[in-house]
Amino acid sequence: MSEDLPRAVLINAALNGKGGMHTADAGGMIWVHLNGNHPEARKYLRDTVGLAAHAIDALLIREIRPRYEELGDDTLVILRGINFNPGPAPEDLASIRLWIGNGRIITAGRRKSRAISDLRHKLEQGFGPRTEGEFIAGLLTALNESIEPAIHQIEDTVGMLEDIPSEKIDDTSRGQISDARKETTQYRRHLSPQRDVLGRLMHASRPWIDQALRWEVQDAFDRTSRFIEDLDMLRERAEILHDELMNAQNMRLNRNLYLLSLITVIFMPLTFVTGLLGMNVSGIPHADHPLAFFAVLGFCLVVTAIQLLLFRRARWL
């Protein structure tokens, strides 16, 4: 990277057409990767590259959905991949924005992307993309390779939770169920429009879209469709698991309330008797009899036995 390049430029190289890359001054298809968070990125795109304001906004805006747009001879493609960076939640997908035109590929991201790092590593090793089409194909492959393990991890988590009896699910398991539901919803919300982008890219007419790229895009489209189907299934399984957990909790709560109600019914007449005989007024029969306490105790036991017998006949117990 040249000394006079702004600090927002993380990669500034040219594809040598043989799977490697060299300095941008040597000629060839230029690849520039920008840090979208850096304040100098906008100035570089405006003054050095000469992009229009709306194109710059699309490359640098904080939140944007997957998108495909043709602007004259230039093409804007926005895709999303799994965020593996520490800090934000992994389900918070990171976007990769591409601008292709005038012998240049411009990529920008607000977070570090494993897909970009993989492409750079392959170019440094000499077996990377040679054309714009191969560049996008490699990027799509890297994105799908990051999404698939994340979906498998959710599937493993849901499968493990399904094997746990509902009465043994603790707060940690409940949190895992909630996380699984959240992740599947988040992933699907971004992969669904990304599938539409791949569909448009597959049928687009651009000089750099050859038959090989169409096959790669078709494969990415099919894999994304399968990801969405898997996410729908996982979301349904997580919903069923959540419903079963709620039903089990409601059953336990109802059983506890039922037992408390029975205890209340049993002690209600006993409380009446003890309260009546416990009044500090004169005239209570046999108050001075030495066996009065045992007589009252026996009466209470008889009343309790009669109640239990009636509850059993009524199948309340």
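The structure contained in this document is the topic of the report that follows. (Residues numbered from 1 in each chain as written. Predicted model: local features only at pLDDT ≥ 70, side-chain atom pairs only at ≥ 80, totals over all residues. Heavy atoms only, no water.)

1. Describing the overall build of the protein
In terms of helices and strands, the protein carries seven helices and seven strands. Secondary structure elements of the protein, listed N to C terminal, follow the sequence β-β-β-α-α-β-β-β-β-α-α-α-α-α. Here the protein has a C-alpha radius of gyration of 35 Å; the compact-globule value for 317 residues is 20 Å, and the former is much larger. If you line up the protein on its principal axes, its C-alpha atoms span 115 × 40 × 35 Å. A sequence separation of at least 24 residues applies to 63% of the contacts in the protein between residues at least 6 apart. For the protein, the computed accessible surface area is about 18100 Å², with 55% contributed by carbon and sulfur atoms. Here the protein contributes 37 positive and 41 negative side-chain charges, whose respective centroids are spaced 3 Å apart. (Helix = DSSP H or I, 4+ residues; strand = E, 2+ residues; numbered from the N terminus. Rg over C-alpha atoms; globule rule 2.2 N^0.38 Å. Contact = heavy atoms within 4.5 Å. Areas by Shrake-Rupley, 256 points an atom, 1.4 Å probe, with all protein chains shown as cover. Lys, Arg positive; Asp, Glu negative; His and termini not counted. Charge placed at Lys NZ, Arg CZ, Asp CG, Glu CD.)

2. Concerning the pairing of strand E7 (residues 104-109)
Along E7, five of the six residues are buried, which leaves the element largely enclosed by surrounding structure. Examined bridge by bridge, strand E6 (residues 94-101) and E7 share five bridges and lie antiparallel to one another. If you follow Arg-97 over to E7, its bridge partner there is Ala-108. What sits between the antiparallel neighbours E6 and E7 is a turn of two residues, in which Asn-102 has the positive phi angle 55°. (Buried < 20%, exposed > 50% of the residue type's maximum accessible area, 1.4 Å probe, protein only. Pairing = 2+ DSSP bridges.)

3. Some thoughts on the nonpolar core
With 32 residues, the main nonpolar core has Trp-31, Ile-136 and Leu-139 as its most contacted residues. Elements with a contribution of two residues or more to this core: strand E1 (9-15), strand E3 (29-35), strand E5 (74-81), E6, helix H3 (114-125), helix H4 (132-162), helix H5 (171-202) and helix H6 (211-277). Of all the elements, H4 adds the most residues to this core, at seven residues. Contact partners of Trp-31, with chain neighbours within four places excluded, come to Ile-11, Asn-12, Ala-13, Ile-105, Thr-107, Ile-116, Leu-119, Arg-120, Leu-123 and Phe-135. Within the second largest apolar cluster, 21 residues are counted, among which are Ala-8, Ala-14, Leu-59 and Ile-78. (Core = buried A, V, L, I, M, F, W, Y, C linked by side-chain atoms within 4.5 Å.)

4. Focus on the sheet that holds E7
Pairing is mixed across the open sheet formed by seven strands, whose spatial order is E2-E1-E3-E7-E6-E5-E4. Pairing within the sheet leaves two strands with one partner each, and these edge strands are strand E2 (21-23) and strand E4 (67-71). Geometrically, the sheet is characterised by an average inter-axis angle of 25° between neighbouring strands, direction not taken into account. Sheet topology places E1 next to E2; three bridges connect them, and they run antiparallel. Looking at E2, one finds that Ala-13 is bridged to Thr-23. Along the sheet, H4 makes contact with E3, E5, E6 and E7, crossing E6 at roughly 170°. (Axes fitted to C-alpha atoms, helices over the stretch in contact; angles between N-to-C directions.)

5. A word on a nonpolar patch on the surface
Together, Leu-253, Leu-257, Leu-260, Ile-263 and Phe-267 make up an exposed nonpolar region whose accessible area comes to about 490 Å². Within the secondary structure layout, Phe-267 lies in helix H6. Judged by its relative accessible area of 48%, Phe-267 falls in the partly exposed class. (Patch = residues over 30% accessible without salt bridge, like charges linked within 9 Å, V, L, I, M, F, W, Y side chains within 5 Å. Salt bridge = Lys/Arg side-chain N within 4 Å of Asp/Glu carboxyl O.)

6. Digging into the packing of aromatic side chains
A full pass over the atoms with the stated rule returns two aromatic pairs. Between Phe-293 and Phe-294 the ring centres are 5.4 Å apart and the planes differ by 75°, which places this aromatic pair in the edge-to-face class. (Phe/Tyr/Trp six-rings, centres within 6.5 Å; stacked < 30°, edge-to-face > 60°.)

7. Here's the deal with the side chain of Arg-223
Within the fold, Arg-223 resides in helix H6. Contacts of Arg-223, omitting those with residues within four sequence positions, involve Asn-144, Glu-145 and Glu-148.

8. Let's talk about the pairing of E1
Here E1 lies mainly inside the structure; six of its seven residues are buried. With six bridges joining them, E1 and E3 adopt antiparallel strand pairing. Opposite Leu-15, over in E3, you have Met-29 as the bridge partner. The loop that links E1 with its antiparallel partner E2 comprises five residues; one of these, Gly-17, has a positive phi angle of about 80°.

9. Structural notes on the packing of H6 against helix H7 (residues 292-313)
In the contact formed by H6 and H7, the axes pass within 10 Å of each other and the chain directions differ by 155°. It follows from the interaxial angle that H6 and H7 lie roughly antiparallel. As H6 runs across H7, the sense of the crossing is right-handed. Within the contact between the two elements, H6 uses Leu-262, Val-265, Ile-266, Pro-269, Leu-270, Val-273 and Leu-277 and H7 uses Val-296, Phe-299, Cys-300, Val-303, Thr-304, Gln-307, Leu-308 and Phe-311. For the contact of H6 with H7, the class distribution of residues is 13 nonpolar, two polar and no charged. (Parallel < 35°, antiparallel > 145°, perpendicular 65-115°, else oblique. Left-handed = near helix turned anticlockwise from the far one by under 90°. Nonpolar A, V, L, I, M, F, W, Y, C, P; charged D, E, K, R; others polar.)

10. A short note on unusual backbone geometry
The phi dihedral of Asn-102 is positive, around 55°, even though this residue is not glycine. For Asn-102, the position within the fold is in the loop between E6 and E7. Residue Asn-102 is classed as exposed on the basis of its relative accessible area of 75%.

11. Digging into the pattern of salt bridges
When the charged atoms of two side chains lie near each other, side chains of opposite charge can form a pair. Applying the stated criterion across every chain, the model contains 15 salt bridges. Between Asp-47 and Lys-43 there is a salt bridge, and its shortest N-O distance comes to 3.6 Å. Placement of both Asp-47 and Lys-43 in helix H1 (residues 40-49) is noted, with a separation of four residues, approximately one turn of the helix. Note that Asp-232 is salt-bridged to Arg-188, the shortest N-O span being 2.5 Å. Here the residue Asp-232 occupies a position in helix H6, and Arg-188 occupies one in helix H5, the gap between them amounting to 44 residues.

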